[in-house]
Amino acid sequence: QVQLMESGGGLVQAGGSLRLSCVASGRTSSIYNIAWFRLAPGKERERVATTTWYGGSTWYVDSVKGRFTISPDIVKNTVYLQMNSLKPEDTAVYYCAGRTVDGGAYNSWGQGTQVTVSS
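The model shown is predicted, which means the values in this text are computed figures rather than measured ones.

What counts as what
- Residues numbered from 1 in each chain as written.
- Predicted model: local features only at pLDDT ≥ 70, side-chain atom pairs only at ≥ 80, totals over all residues.
- Heavy atoms only, no water.
- Helix = DSSP H or I, 4+ residues; strand = E, 2+ residues; numbered from the N terminus.
- Rg over C-alpha atoms; globule rule 2.2 N^0.38 Å.
- Contact = heavy atoms within 4.5 Å.
- Buried < 20%, exposed > 50% of the residue type's maximum accessible area, 1.4 Å probe, protein only.
- Lys, Arg positive; Asp, Glu negative; His and termini not counted.
- Salt bridge = Lys/Arg side-chain N within 4 Å of Asp/Glu carboxyl O.
- Polar contact = N/O pair within 3.5 Å; in protein donor to acceptor, adjacent residues only side chain to side chain.

Draft legend 1. View of the overall build of the chain. Looking only at helices and strands, the chain has zero helices and 11 strands in total. When its helices and strands are written in sequence order, the chain yields β-β-β-β-β-β-β-β-β-β-β. Taken over C-alpha atoms, the radius of gyration comes to 13 Å for the chain, in line with the 14 Å a tight globule of 119 residues would show. On the principal axes, the C-alpha backbone points of the chain span a range of 40 × 25 × 25 Å.

Draft legend 2. Up close: the environment of Ser-25. Looking at where Ser-25 falls in the secondary structure, it is placed in strand E3 (residues 18–26). It is 5.2 Å that separates the C-alpha atoms of Ser-25 and Gln-3, two residues lying 22 residues apart in sequence. Setting aside anything within four residues of it in sequence, one finds Ser-25 in contact with Gln-1, Val-2 and Gln-3.

Draft legend 3. The side chain of Glu-6, seen in detail. Among the secondary structure elements, Glu-6 is positioned in strand E1 (residues 2–7). Buried charged residue Glu-6 carries no salt bridge. Nearest counter-charge: Arg-45, at 10 Å. Only 2.9 Å separates the side chain of Glu-6 from the backbone nitrogen of Cys-96, close enough to count as a polar contact. Reaching out from Glu-6, the side chain makes a polar contact with the backbone nitrogen of Gln-111 at a distance of 2.9 Å. Aside from chain neighbours lying at most four places away, what touches Glu-6 is Ser-21, Cys-22, Trp-36, Tyr-94, Tyr-95, Cys-96, Gly-110, Gln-111, Gly-112 and Thr-113.

Printed below as a string of structure tokens:
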């Protein structure tokens, strides 16, 4: 099994930056893909960005393209989400999730970290 733990959330003004970290432990060699999701009050959970564990392939939802960067560091068993030019609508609890099969379900989830962007 893979365990995931997020950190790095906080309160920031609009236009500011935060870097979230997702540290993996356990059977990290089985990880195929890590994603960052977010859940805002009254909204559905949204997948924000994904990366293959060994790098080389990333994906972003349109609303964060050009502002967010996802990057893995397998030496540190960590995936980062660098968030720049933050907007109030980015306010949410951010979760990282992992899956071991391309196209499979995300079967490992962290506890989440709160990001609040003030206007």
